[in-house]
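# Descriptive structure summary
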Amino acid sequence: PHVKFLLATTDPQKLPVTVLSRCLQFNLKRLPVALIGDRLREILAAEGVASEPAAVAALARAADGSLRDALSLLDQMLAFGGGAVRESDARAMLGTIDRDHVTRLLDRLAAGDAAGLLAAVAAMDEFAPDYLQVLEELAGLLQKVALRQAVPGLDDDETWPGEVLDGFAARLPSEDLQL
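Treat the numbers as computed from the prediction; the structure is a model and nothing was measured.

### Brief notes about the overall build of the protein chain
- Each helix and strand in the protein chain was counted, giving 10 helices and zero strands.
- Moving toward the C terminus, one meets the helices and strands of the protein chain in the order α-α-α-α-α-α-α-α-α-α.
- Counting every position in the protein chain, which comprises 179 residues, the buried fraction comes to 30%.
- When contacts within the protein chain are restricted to residue pairs at least 6 apart in sequence, those whose partners lie at least 24 apart make up 57%.
- Accessible surface, the protein chain as shown: approximately 11700 Å² in total, 58% of it carbon and sulfur.
- If you average the places of the 17 positive and of the 27 negative side-chain charges in the protein chain, the two averages end up 9 Å apart.

### Regarding the environment of Glu163
- In this structure, Glu163 sits in helix α9 (residues 162–171).
- For the pair Glu163 and Ala120, spaced 43 residues apart in sequence, the C-alpha separation works out to 21 Å.

### Concerning a nonpolar patch on the surface
- A cluster of nonpolar side chains, Val3, Phe5, Leu7 and Val19, forms an exposed patch at the surface whose accessible area comes to about 430 Å².
- Mapped onto the fold, Phe5 is located in the segment before α1 (17–20).

### Looking at the nonpolar core
- Among the nonpolar cores identified, the biggest contains 17 residues, and Val102, Leu106, Leu141, Val145, Phe168 and Leu172 are the most heavily contacted of them.
- The set of elements that each furnish at least two residues to this core consists of α6 (99–111), α7 (114–125), α8 (131–150) and α9.
- Here this core takes five residues from α8, the largest share from any one element.
- In contact with Val102, other than residues within four places in its own chain, are Ile97, Glu137, Leu138, Leu141 and Trp160.
- Core analysis: the next-biggest nonpolar cluster, separate from the first, contains 15 residues, Leu40, Met77, Val85 and Ala90 among them.

### Observations regarding the side chain of Arg148
- Take Arg148: it is sitting in helix α8.
- In terms of polar contacts, Arg148 uses its side chain to reach the side chain of Asp166, at 2.8 Å.

### Notes on unusual backbone geometry
- A positive phi angle, close to 55°, is found at Asp64, a residue other than glycine.
- Secondary-structure assignment places Asp64 in the loop between α3 (53–62) and α4 (67–80).

Definitions and limits used
- Residue positions are counted from 1 within each chain, in the order its sequence is given.
- Reporting of local features is limited, given that this is a predicted model, to residues whose pLDDT is at least 70; pairs of side-chain atoms are given and counted only at 80 or more, and all residues count toward the totals for whole chains, interfaces and linings.
- Side-chain measures here rest on the full set of heavy atoms in the structure, leaving out hydrogens and waters.
- Here a helix means four or more residues in a row that DSSP labels H or I, a strand means two or more in a row labelled E, and each is numbered from the N terminus.
- We call a residue buried when its accessible area falls under 20% of the maximum for its residue type, exposed when it is over 50%, and partly exposed in between, using a 1.4 Å probe and counting protein chains only.
- Any pair of residues with heavy atoms lying within 4.5 Å of one another is described as a contacting pair.
- Reported accessibility uses the Shrake-Rupley method at a 1.4 Å probe radius. Residues are deemed covered only where the shown protein chains occlude them.
- Positive charges come from Lys and Arg, negative ones from Asp and Glu, while His and the chain ends are left out of the count.
- In plain terms, the charge of a residue is placed at NZ if it is Lys, CZ if Arg, CG if Asp and CD if Glu.
- Like-charged residues within 9 Å of one another, or nonpolar side chains (Val, Leu, Ile, Met, Phe, Trp, Tyr) within 5 Å, are grouped into patches, provided each residue has over 30% relative accessible area and no salt bridge.
- For this analysis, a salt bridge means a side-chain nitrogen from Lys or Arg found within 4 Å of a carboxyl oxygen belonging to Asp or Glu.
- Residues enter a nonpolar core if they are buried and are Ala, Val, Leu, Ile, Met, Phe, Trp, Tyr or Cys, with the set joined through side-chain atoms within 4.5 Å.
- Throughout this description, a polar contact denotes any pair of N or O atoms lying within 3.5 Å of each other; where both atoms belong to protein, one of them has to be capable of donating a hydrogen while the other can accept it, and for residues adjacent in sequence the pair is counted only when both atoms sit in side chains.

So, in structure tokens, the structure goes:
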């Protein structure tokens, strides 16, 4: 009577109904990206592994709130990157689009250059990206630019250099940015 079993799963529907009916379920919340990134940096520092901040941020975002998944991705990254954690390798491993493509898109949008925008999309299309991911990256960049407009002295971001954010913050009217 004093024994308790703790079952941990990310897929409870695969457990038999007879087991589930006798369990108390606790749904755990996802960890914030910043917390996962901090933990990955601690591990990399303790192991003496060279890493780029943007690469660690990409791994933390890809983990989608799961530290276990982040650690698995970090192991894969170390194997893929030959013992180092570089942004270009992380993006290649994760299949994410290069940030330069996203900044080119926003640059063409800011300039009101429809032909240039279509050319940038065509150039990006050669890499067969996941366009949902491209839109998420673009939305993330727009959010950082809006924050930079609202709080000009905001610290630099790991993903986007301060000069990129400042450039777009100066070029884009806040009304258009919010729209």
